[in-house]
Amino acid sequence: DGTFVSMAQEATVIHRLEKEHGEGNTIIVNTGDLTFTQTHDQPGKDYFGPVAKALNAEGVDFITPGNHEFQHGGIALANDFLGDLDATVLLGNVKESSTGKPLEHTKPYAIKEINGVKVGFIGLTTPKQKTHDHPNVGYDVTVESPGDTAELLVKQAKSEGARIIVVLAHEGLGKSASLAKRIPGIDVVVAGHDHQITREPQKVTNPDG
């Protein structure tokens, strides 16, 4: 969002906040678009540069990839980047086109107990992968509807005891707010995609009231 000039600055702020609030009370999440395209735009680990190491140093707990991570396809993303992350990669609405299976190194959701409360984290990425400049983005994956996927995964996480549901969405602010309004059971959406800055959380009323 333009707040940080570098990931080193970002890590400094994260670690300061962790110290303030206590590591056990802090969950660090990231919603993607981290690719290292300034100097290298070809497939392979060099495309992602040092980003995995930087995220590991920050102590990121959960990450949902953005459309730019799929520039050379989902299988390349899994092979060249996701396996190097310490974070749990949440990607509930993406499957390999050839097999219909989730990408390697990903989970649709995860449940973490925080101060005795089970919190479900669900990962969704935007179906709009391709751009005019990069028409082959995500060519080997199928990206399913975030809304349909959220409805299913919220129910699954709740059935496993999650009392709070947090959605990590690589999606625009308007569509994320619409998702929160429409799908019962969602408590928080952490979103990023359209480069809009929100200094304060945007509150919406969901079907639960």
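Above this text you will find the structure in question.
Note that the coordinates shown come from a computational prediction; the quantities given were computed from them, not determined experimentally.

J.: So, the overall build of the protein: which residues are in play, and what are the values?
T.: Looking only at helices and strands, one finds 6 helices and 10 strands in the protein. A compact globule built from 209 residues should have a C-alpha radius of gyration of about 17 Å, and the protein, at 17 Å, falls within 12% of that. Principal-axis analysis of the C-alpha atoms gives the protein an extent of 45 × 40 × 30 Å. Looking at the protein as a whole, 42% of its 209 residues qualify as buried. Roughly 11300 Å² of accessible area belongs to the protein as shown, and the carbon and sulfur atoms make up 50% of that amount. Placing the 19 positive and 28 negative side-chain charges of the protein at their respective mean positions leaves the two points 6 Å apart.

J.: Hey, could you go over the sheet that holds strand 6 (residues 109-114) for me, with residue numbers and the actual values?
T.: In spatial order, the strands read 6-7-9-10; together these 4 strands make up an open sheet with mixed pairing. Only two strands of the sheet have a single partner each, and these edge strands are strand 6 and strand 10 (188-191). Between one strand axis and the next, the sheet turns through 25 degrees on average, direction left out of account. Two elements, strand 6 and strand 7 (residues 117-125), share 6 bridges in a ladder whose sense is antiparallel.

J.: So what's going on with the packing of aromatic side chains? Residues and values would help.
T.: For the structure shown, the criterion picks out 3 aromatic pairs. Relative to phenylalanine 48, the ring of tyrosine 47 lies with its centre 5.0 Å away and its plane at 80 degrees, an arrangement referred to as edge-to-face. An identical accessibility class is assigned to tyrosine 47 and phenylalanine 48; each is buried. Aromatic side chains phenylalanine 48 and phenylalanine 81 sit 4.6 Å apart centroid to centroid with 10 degrees between the ring planes, which places their arrangement in the stacked category. Linking phenylalanine 48 in helix 2 (residues 45-48) with phenylalanine 81 in the loop between helix 4 (74-80) and strand 3 (88-90), this pair joins segments that are 33 residues apart in sequence. One exposure class covers both phenylalanine 48 and phenylalanine 81, and it is buried.

J.: Can you explain the side chain of threonine 26? Please cite residues and give values.
T.: Here threonine 26 is to be found in the loop between helix 1 (7-21) and strand 1 (29-30). Residue classification places threonine 26 among the buried residues on the basis of a relative accessible area of 18%. A distance of 2.9 Å separates a polar side-chain atom of threonine 26 from the backbone oxygen of glycine 22. Setting aside chain neighbours within four positions, we find threonine 26 in contact with Leu17, Glu18, His21 and Asp61.

J.: Can you explain the side chain of serine 176? Please cite residues and give values.
T.: Mapped onto the elements, serine 176 comes out in helix 6 (residues 173-182). Among residues more than four places away in sequence, those in contact with serine 176 are Ala169, Glu171, Val189 and Ala191.

J.: I'd love a proper account of the nonpolar core, names of residues and values included.
T.: Within the largest apolar cluster, 24 residues are counted, with the highest numbers of intra-cluster contacts made by Leu55, Ile63, Phe70, Phe81 and Leu85. With 3 residues, helix 3 (residues 51-58) is the single largest residue contributor to this core. Aside from chain neighbours lying at most four places away, what touches leucine 85 is Ala52, Leu55, Asn56 and Ile63. Leu124, Val154, Val167 and Leu179 belong to the second largest nonpolar core, which has 14 residues in total.

The rules behind these values
- Residues numbered from 1 in each chain as written.
- Predicted model: local features only at pLDDT ≥ 70, side-chain atom pairs only at ≥ 80, totals over all residues.
- Heavy atoms only, no water.
- Helix = DSSP H or I, 4+ residues; strand = E, 2+ residues; numbered from the N terminus.
- Rg over C-alpha atoms; globule rule 2.2 N^0.38 Å.
- Buried < 20%, exposed > 50% of the residue type's maximum accessible area, 1.4 Å probe, protein only.
- Areas by Shrake-Rupley, 256 points an atom, 1.4 Å probe, with all protein chains shown as cover.
- Lys, Arg positive; Asp, Glu negative; His and termini not counted.
- Charge placed at Lys NZ, Arg CZ, Asp CG, Glu CD.
- Pairing = 2+ DSSP bridges.
- Axes fitted to C-alpha atoms, helices over the stretch in contact; angles between N-to-C directions.
- Phe/Tyr/Trp six-rings, centres within 6.5 Å; stacked < 30°, edge-to-face > 60°.
- Polar contact = N/O pair within 3.5 Å; in protein donor to acceptor, adjacent residues only side chain to side chain.
- Contact = heavy atoms within 4.5 Å.
- Core = buried A, V, L, I, M, F, W, Y, C linked by side-chain atoms within 4.5 Å.

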